[in-house]
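In case you want the letters, here they are:
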Amino acid sequence: MDTKVKGCKELLNEVIDKDLCTLCGACTGGCPYLVPYKGKIVLLDNCTLSEGQCYKYCPRTYTDMDAISQQVFGVPYSEDELGTTKEVLIARSTDAQIKEKAQYGGTVTTLLSLALAEGLIDNAILTRTSEDKTPIAFLAQSAEEVLQGAGSNYMACPILETYNHFLKDSNHSLGIVAMPCQALALTKMKKEPPENRISINNVKLVIGLFCTWALSPDGFYQFLRENLDLPRVTKFDIPPPPANRFDAYTPSGKISFPLEQIRKFTIPTCAYCLDMTSEFADISVGSVEGIEGWNTVIIRTDVGAKLMEMAKAKGKLETDKLPPQNLAHLKEAALLKKKRALKEIIKRSGDKKNLLYVGLSPALADKLLA
Amino acid sequence: MATIDIDAPGTSQLFIGNEAIARGALEAGIGFAASYPGTPSSEIMGSLAPIAKKMGIYAEWSINEKVAMEAAAGASFAGIRALASMKQNGVNVVSDFLANLVIAGIGKGGLVLISCDDPSAISSSNEQDTRPIAKWLDIPLVEPGTFQEAKDMTKWLFDLAEKTGTLCMLRSVTRIAHARGNVKLGELPKKEQKAYFDQIHDLRNVMPTTFMPVPSALRHAFLHLKLDKAQEKFESSPFNYYVGPDKADLLIITCGSCWLYSQDAVKALKLEDKVGILKLGTLWPLPEKFVEKHLNKSRKILFVEEIDPFLERSVMEMVANLPADSPRPTFYGKRSKHINAYGELNPDLVIKAIASITSITYQPRDVEYGKKAEEFSKSSVPERSMTFCAGCPHRATFWAIKNALKLDGRDGIVTGDIGCYSLALGPAGFFQVRTMHCMGAGAGIANGLGKLGQFGFNQPVLAVCGDSTFFHATIPALINGIYNQSNFILVILDNNATAMTGFQPHPGTGMTAMGEPTKVVSMEALCRSLGARVEICDPFDLESTTATLLEMMAEGGGAKVAIMRRECELVRGKKEKPPYKVHVDPDKCIGEACGCDRLCTRVFLCPGLVWDKKVGKSKIDEVICTGCGVCTDICPQGAIIKEAA
Ligand SMILES: Cc1cc2nc3c(=O)[nH]c(=O)nc-3n(C[C@H](O)[C@H](O)[C@H](O)COP(=O)(O)OP(=O)(O)OC[C@H]3O[C@@H](n4cnc5c(N)ncnc54)[C@H](O)[C@@H]3O)c2cc1C
Ligand code: SF4
Ligand code: SF4
């Protein structure tokens, strides 16, 4: 495992050109050379630095899992399938408008709106589905704007570019809705704060989404264009198992595709990702199997816990217990993702000891591989 | 610029060679002049056009050299003395017409072609020698060796053209065209001219329209008779002379500016009584009797001429035809490698050649002197690479092109053309341009590349050309692309001037050479009428220009046009104040650190931005910065700040 920090040429050689890029956007936005475009990170000009923040914060370059876990949770990387947790529950919004637009229970939208309203943050970085149905990162400063982002777009979106666009003298306080890889990159930044852009301490809240895999904004988008009248689509959904479908909603009804048809458009790097539940977020949100209109919520940090408390106290969210069989299923799925990813990683590296970017303790690695 | 129309016969004026030529044409009583701008020829029309109205003549910037020559021929057919001037490349453009014109013959009015060659290709895409063109097309050719001759020969050439009934050509080079010297003026003719195309009686030269056409082969034979007549005149021409001893150790045969270098060399070596110089002004047909008379001056003959061994070969040809018992001198020149076969000459190179042939050692000055002189001159001139001016719209265009091609990711290609933007072969345009040949070739080459889809070719193709180049030679290539559905984007860099050669107007500018307002030929209307999709971009809007190019590349299909419209900064700067006051905020600039790595002064490279090594920050050079403000949009740190001026 190569633990050295390198420059953008190596990022290109080792990550981007090797199909390991998650399109998180961590290497872009603070750099004039690396730019995301149509599902690819492009190097516009030659940068001469031998060590770059692009390489350093990339979630697919070497990451000492214990060290970053120590940084955000004060403990080494958890052996639990769901990572470090304070509480796992289910929740849904009490706001009819949010429930109407949201993917499931609208927990993410509700929490973000609340964080803005309470002044915990003054800007939220999130994703919305643009006119042409591609995902696009944007800044929201009000509940109305946050609502524009409600709903899932399953194509990867380099939202961390938007974070990196904030200049070094900025004193905005930020909340970010992140995929697991994006939460990982942000945590690497928390461990070793970036220079020449907004301080990482200004990121006051990270809401993580659950993720099994994301789809390619290039290939999958082509598929959508060929198979749907895109302007008429109002919502995309991948309902929780056992549905095994990708649904596109239009005014004249739902159009479904079997997941088998879609899976070939996942971005290749997802096969090497261990994290299903955004283990490094303050609070993580996903669907609930069999309980429609609700979210599974994992509270991980004090920030997450406080926000959840406030949401309950103010009547913004209603919550309930996650049924034990759901928890078991969730853990099973999360563990399966880890095991599968490690197997793929070893297949690629050709060496049981070389886990590429994943800096796990040997004990945990052995346990997961067992 | 001197006024070439000063009516003071007998007085001397300081003229650059091109002005001397223009003056010669005036003294010859021309009524018509046409040209296409091209260094080093531009000042001929540049000095004629402003005084044309006053002098009662007509002058125009034509859209290309071929049209210029054809238009001048038209005037000649109607009895008006006419001149067409151009740079060496232009003669190639005209050559098809020339090959037929010489066969047909000219009209009653003398017709003269001026070609200004550019040895060392200082401002050109090649250093082609146009003298051989005169030879292969059977055109009487002269070349001035002094500024006085530049004027006198031009004047004389119109007489010769009329007497022989054929087109005559004057070749000049950069060092005559652009250097300045004293010229003694002659009379300016005062008679009024009347143009009339006499279709019945003036058929001596012009293609007959009512009679059975004379077969071309026969006309070719006539042409040789005309050449014989010219040769006869050349034999006694005052533009050919010999200086030196009766018997010389070495005879130099030379012409043009090399006459000056040869004189300097002989003088520097103090060999005036040992080395003779035969200076030729009438080069083709070779005045053989005159040359033969001087051949026996020496057993050794050195040819001093630039670019091609033109005199060298002509004299050798002639000597090969002399009787068997004639003396056979030893020839030195390009063949013997005593004289460079490429590039300009100078007195030092001639000195070296003479010294080597005559086996004398010559040390011009102590070696250290040269080194010191070089160091000294370097110390007083700031080091700068060839680049676009500060505020040049081309820099912005190529920035957008570079980013668009990178983002597109299919290894797109830019074919180039002739103009300031040829600099994009290098760092000024981020090495974007891959080909540079002749006017219009960029779009022509793009036509071929854009049809290779069936062979798996998937690289986007952009052909760049200037606005003047568009009118000059690009339109046929565009039409071909539309007709044959070739997949390329013609990017017209419309800066509203023929900028590279000195801001001459063109059909898109709404102004004629003589300063009169005229119709604007709209390139977008023209391209749209051809059926091309046309987008107009402001290159200073980097983001939308990049987006437009990306979208056009993604669309594919037949030939399309993107017009990058922004006035040349040198033109704008003369009319208006800078739009912005620009400065770098040193607190925000992070210079070499991660997050920039000196994007502005390492990659963007506008000369208005300088890198302050001591403090590790960029700053604006206020003298050079033109306040365009484009760099504020590239700085990743928002450190470059523009305020409305
Ligand atoms: C690519 C992808 C894969 C997912 N996979 C799973 C999974 O396997 N299992 C599971 O339980 N849940 C998954 N989710 C999460 C799920 O779809 C819901 O986003 C989540 O449950 C929150 O629901 P909500 O009702 O609170 O959402 P909302 O209140 O509607 O909020 C959704 C939020 O997600 C953000 N968002 C939308 N698209 C993207 C994107 N492409 N990138 C980043 N942020 C985005 C929006 O900005 C919005 O803030 C996935 C989400 C995405 C985007
Ligand atoms: S994973 Fe993120 S940081 Fe790494 S190369 Fe891709 S976009 Fe850049
Ligand atoms: S681009 Fe901006 S930050 Fe970079 S060196 Fe220039 S002024 Fe400084």
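Residues numbered from 1 in each chain as written. Chains lettered and ligands numbered in written order. Predicted model: local features only at pLDDT ≥ 70, side-chain atom pairs only at ≥ 80, totals over all residues. Heavy atoms only, no water.

Draft legend 1. Quick look at the overall build of chain B. Along its length, chain B carries 20 helices and 24 strands. Relative to the 2.2 N^0.38 estimate, which gives 26 Å for 645 residues, the radius of gyration of chain B is 28 Å and therefore close to what a compact globule would have. Expressed as a percentage of the 645 residues in chain B, the buried residues total 56%. A sequence separation of at least 24 residues applies to 78% of the contacts in chain B between residues at least 6 apart. On chain B, roughly 27600 Å² of surface is accessible, and the fraction owed to carbon and sulfur atoms is 55%. (Helix = DSSP H or I, 4+ residues; strand = E, 2+ residues; numbered from the N terminus. Rg over C-alpha atoms; globule rule 2.2 N^0.38 Å. Buried < 20%, exposed > 50% of the residue type's maximum accessible area, 1.4 Å probe, protein only. Contact = heavy atoms within 4.5 Å. Areas by Shrake-Rupley, 256 points an atom, 1.4 Å probe, with all protein chains shown as cover.)

Draft legend 2. Structural view of the overall build of chain A. The helix and strand tally for chain A stands at 13 helices and 15 strands. For 370 residues, the compact-globule estimate of 2.2 N^0.38 gives 21 Å, and the C-alpha radius of gyration of chain A, at 19 Å, lies within 12% of that figure. Referenced to the eigenvectors of the C-alpha coordinate spread, the extents of chain A come out at roughly 50 × 50 × 45 Å. Within chain A, the fraction of its 370 residues that count as buried is 55%. Counted over contacts in chain A with a minimum sequence separation of 6, partners at least 24 positions apart contribute 69%. Summing over all exposed atoms, chain A offers an accessible surface of approximately 15800 Å²; the carbon and sulfur share of this is 50%. Here chain A carries 44 positive and 44 negative side-chain charges, and the mean point of each set is 2 Å from the other. (Lys, Arg positive; Asp, Glu negative; His and termini not counted. Charge placed at Lys NZ, Arg CZ, Asp CG, Glu CD.)

Draft legend 3. Focus on the site of ligand 1. Residue and element names in this part refer to chain A. By nearness alone, 29 residues border ligand 1, and T109, T127, G151, N153 and T212 come closest of all. For ligand 1, an oxygen atom lies 2.7 Å from a polar atom in the backbone of Y104. Note that an oxygen atom of ligand 1 is positioned 2.5 Å from one of the backbone N or O atoms of T127. The protein chains hide 94% of the 890 Å² of surface that ligand 1 would expose on its own. Among the elements of the structure, α5 (107-117), β5 (123-129) and β12 (283-287) are those that each provide at least two residues to the shell around ligand 1. A per-class count over the shell around ligand 1 returns 15 nonpolar, 14 polar and no charged. (Near = heavy atom within 4 Å. Polar contact = N/O pair within 3.5 Å; in protein donor to acceptor, adjacent residues only side chain to side chain. Nonpolar A, V, L, I, M, F, W, Y, C, P; charged D, E, K, R; others polar.)

Draft legend 4. Highlighting the interface of chain B and chain A. Chain B puts 24 residues into the contact, and the matching count from chain A is 19 residues. Summing the contributions of chain B and of chain A, the shared interface buries around 1800 Å²; its carbon and sulfur component is 57%. Linking chain B with chain A are 1 salt bridge, by the criterion used here. Close ionic contact of K402 of chain B with D45 of chain A constitutes a salt bridge, the shortest N to O distance being 2.4 Å. Contributions of two or more residues to the side of chain B that touches chain A are made by α14 (393-408) and α20 (599-604) of chain B. Looking at the side of chain B that touches chain A element by element, the count peaks at 6 residues for α14 of chain B. The residue makeup of the side of chain B that touches chain A, split by class, is 11 nonpolar, 4 polar and 9 charged. (Buried area = accessible area lost by both parts, 1.4 Å probe. Salt bridge = Lys/Arg side-chain N within 4 Å of Asp/Glu carboxyl O.)

Draft legend 5. Structural view of the site of ligand 3. Around ligand 3 sit V584, C589, I590, G591, C596, R598, C600, S618, C635, P636, Q637 and I640 of chain B, and those are all the residues in its vicinity. A per-class count over the shell around ligand 3 returns 8 nonpolar, 3 polar and 1 charged.

Draft legend 6. Summary view of the confidence of the model for chain B. Scored by pLDDT, chain B comes out at a mean of 94, with 97% of its residues at no less than 70. Scored as a whole, the predicted complex attains pTM 0.93, and scored at its interfaces, ipTM 0.92. (pLDDT = per-residue confidence, 0-100.)

Draft legend 7. Fine view of the sheet that holds strand β14 (residues 330-332) of chain B. All names here are of chain B. Taking strand neighbours across the sheet as the criterion, the 5 strands line up as β9-β11-β10-β13-β14 in an open arrangement whose pairing is mixed. Taken across any chain shown, the strands that pair with only one partner, and hence form the sheet edges, are β9 (241-243) and β14. Each strand of the sheet is rotated relative to its neighbour by a mean of 20 degrees, with strand direction disregarded. Of the pairings in the sheet, the one linking β9 to strand β11 (residues 275-280) comprises 3 bridges and is antiparallel in character. Of the residues in β11, the one forming a bridge with Y242 is L278. Most of the contacts of helix α9 (residues 257-268) go to strand β10 (residues 250-255), to which it runs at about 150 degrees, and overall it touches β9, β10, β11 and β13 (300-304). Docked against the sheet, helix α10 (residues 288-295) engages β9, β10, β11 and β13, running at close to 180 degrees with respect to β11. (Pairing = 2+ DSSP bridges. Axes fitted to C-alpha atoms, helices over the stretch in contact; angles between N-to-C directions.)

Draft legend 8. Just the domain arrangement of chain B, in detail. Residue and element names in this part refer to chain B. Domain boundaries assigned for chain B yield domain 1 (12-235), domain 2 (241-358), domain 3 (393-575) and domain 4 (580-644). Placing the centre of domain 3 and that of domain 4 at their C-alpha centroids yields a distance of 28 Å. Listed by partner, the interface residues are 9 residues for domain 3 and 11 residues for domain 4. In total, domain 3 and domain 4 occlude about 840 Å² of area from one another, counting both sides; carbon and sulfur atoms represent 74% of this. Considering only the side of domain 3, the residues that lose the most area to domain 4 are R395, W399 and F540, jointly responsible for 58% of the buried surface there. Counting across the interface, domain 3 meets domain 4 through 0 salt bridges. Across the domain 3-domain 4 interface, the total number found is 1 residue pair in polar contact (both at pLDDT 80 or more). When residues of the side of domain 3 that touches domain 4 are traced back to their parent elements, those giving at least two are α14 and α19 (569-575). (Domains from an automatic or database assignment.)

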